[in-house]
Amino acid sequence: MEIKILPVPPEERKTPPNDVSNIVFGTQFTNHMFRMEWDRGVGWHDARIEKYQPLILEPSAIIFHYGQEAFEGLKAYWTTNSQYVLFRPDQNFARMNRTSERMCLPPIDEEFVLDALKQLLREDIAWIPKEEGTSLYIRPTIIATEPALGLKPSSSFLFFIILCPVGPYYPEGFNPVKILVSEKFTRAAPGGVGEAKTSGNYAASNLVEKESKEQGFTQVLWLDAVERRYVEEVGSMNIFFVINDEIITPELVGTILPGITRKSVLQLAKRWGLKTNERRISIDEVIQAIEDKTLTEIFGAGTAAVVSPVGELRYQGKSHQIGDGKTGPSARRFFDELMGIQYGLVQDSFQWIEPIE
Ligand SMILES: *Cc1c(COP(=O)(O)O)cnc(C)c1O
């Protein structure tokens with residue numbers, strides 16, 4: 001399929017912000033977007049790069065009522081070797097297709113869409129910020145657009161990619177966060193859509209995230225929905241524990257989002273000869289290991305923060321300090337290595353980096 005390019009006329013163009021560190025995440029978008037439509041019997045069609053603009057949808061469009069949707073999140077970086085790059089974008093589009101399968105959305109051609117993304121980025125290349133730790137956030141999305149309130153999969157869809165510059169995640173330094181174990185609410189149940197990156201999962205976690213923020217916590221730690229015992233994720237990040245020098249993360253049992261950062265951390269750990277273990281881990285085991293000091297670190301891993309060290313965990317009304325409450329050596333090492341690869345400071349021996357131009 002050909003991609004039509006409809007560049008925004010110079011007089012209608014916005015200029016990129018000169019200080020991205022002040023931008024509230026996800027509020028300022030570039031000049032262009034990529035979009036294409038899908039219709040039954042036709043497939044994907046009308047691929048184009050055009051002005052970032054509002055969508056016109058009927059109020060009855062299925063997305064507004066039943067949330068039939070898939071999304072992704074990745075970033076473009078400007079490296080210290082003066083290159084524009086992406087980090088493992090193939091993984092994002094592969095995951096998007098897995099989400100789509102679960103949500104009855106049509107599959108995308110992963111190579112085609114990656115090429116479309118690169119073309120879009122070239123149109124808005126001046127929007128990839130160059131200051132240390134900054135990036136251009138990329139949001140591919142598929143929504144159900146058929147105007148029909150009947151409960152069934154849509155017969156028409158829209159795929160789009162939008163871009164927004166983001167400042168450094170840690171403007172005040174790489175500091176640990178406080179997390180609250182959610183005891184009343186859960187994120188995902190077996191057989192549900194926890195492993196899909198789809199809108200409803202996030203709508204459902206708003207209430208808990210809001211309540212935990214009001215109590216001074218940055219993130220919520222989710223337990224499994226059946227026994228309220230096994231640790232699943234932290235906020236919208238995967239979680240890691242360092243116990244007796246072993247790197248432990250919950251195994252992907254269907255209720256956990258298969259993070260690309262999670263996968264990368266595990267691959268790095270193996271490369272470094274560290275012991276890794278993907279298994280179920282109960283909150284009781286975590287608390288016990290904190291108390292007997294065999295647990296030395298907890299950290300989250302996800303595209304937004306890369307790695308987020310946990311300094312304090314609150315469970316059943318009791319606060320537990322993790323290690324000495326400061327950023328631990330494993331979190332620091334994974335953070336430095338991943339950031340180093342993304343920004344061209346560290347050799348990309350896994351070939352995770354994909355040049356844009
Ligand atoms: C996106 C996401 C992650 C992290 O995935 P990455 O691919 O590493 O960015 C983890 N958990 C949830 C719930 C997510 O939505």
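Our subject is the structure listed above.
Scope of this entry: the structure provided in the associated data block. (Residues numbered from 1 in each chain as written. Predicted model: local features only at pLDDT ≥ 70, side-chain atom pairs only at ≥ 80, totals over all residues. Heavy atoms only, no water.)

### Concerning the overall build of the protein chain
Argument step 1. Per the secondary structure count, the protein chain includes seven helices and 18 strands.
Argument step 2. In terms of overall dimensions, the protein chain is globule-like: its C-alpha atoms have a radius of gyration of 21 Å, near the 21 Å expected for 357 residues.
Argument step 3. For the protein chain, the spread of C-alpha atoms along the three principal axes comes to 60 × 50 × 35 Å.
Argument step 4. Counting all 357 residues of the protein chain, 54% fall into the buried class.
Argument step 5. Long-range pairs, those at least 24 residues apart, make up 71% of the contacts in the protein chain with a sequence separation of at least 6.
Argument step 6. Roughly 16300 Å² of accessible area belongs to the protein chain as shown, and the carbon and sulfur atoms make up 49% of that amount. (Helix = DSSP H or I, 4+ residues; strand = E, 2+ residues; numbered from the N terminus. Rg over C-alpha atoms; globule rule 2.2 N^0.38 Å. Buried < 20%, exposed > 50% of the residue type's maximum accessible area, 1.4 Å probe, protein only. Contact = heavy atoms within 4.5 Å. Areas by Shrake-Rupley, 256 points an atom, 1.4 Å probe, with all protein chains shown as cover.)

### Looking at the pairing of strand β12 (residues 237-243)
Argument step 1. Within β12, seven of the seven residues are buried, which leaves it mostly tucked inside the rest of the structure.
Argument step 2. Relative to β12, strand β11 (residues 231-234) is paired through two bridges, and the arrangement is antiparallel. Residue pairing across strands places valine 234 opposite methionine 237, the latter belonging to β12.
Argument step 3. What sits between the antiparallel neighbours β11 and β12 is a turn of two residues, in which glycine 235 has the positive phi angle 55 degrees.
Argument step 4. Bridging between β12 and strand β15 (residues 295-302) involves six bridges; their strand directions are antiparallel. Across the sheet, the residue bridging to valine 242 is glutamate 297, located in β15.
Argument step 5. Looking at chain direction, β12 and strand β13 (residues 246-249) are connected through three bridges and run antiparallel. Within the sheet, the bridge partner assigned to isoleucine 243 lies in β13 and is glutamate 246.
Argument step 6. Count of turn residues in the β12/β13 antiparallel hairpin: two residues, of which asparagine 244 carries a positive phi of about 50 degrees. (Pairing = 2+ DSSP bridges.)

### Structural notes on the packing of helix α2 (residues 89-102) against helix α3 (residues 110-123)
Argument step 1. Across the interface, α2 lies against α3 with an axial gap of 10 Å and an inter-helix angle of 130 degrees. Classed by the angle they form, the pair α2 and α3 counts as oblique. You can see that α2 and α3 cross each other, and the crossing is right-handed. From α2, Pro89, Asp90, Phe93, Ala94 and Asn97 reach across to α3, where they touch Glu110, Val113, Leu114 and Leu117.
Argument step 2. Considered class by class, the residues forming the contact of α2 with α3 number six nonpolar, one polar and two charged. (Axes fitted to C-alpha atoms, helices over the stretch in contact; angles between N-to-C directions. Parallel < 35°, antiparallel > 145°, perpendicular 65-115°, else oblique. Left-handed = near helix turned anticlockwise from the far one by under 90°. Nonpolar A, V, L, I, M, F, W, Y, C, P; charged D, E, K, R; others polar.)

None of the figures reported here should be taken as evidence of function without further support.
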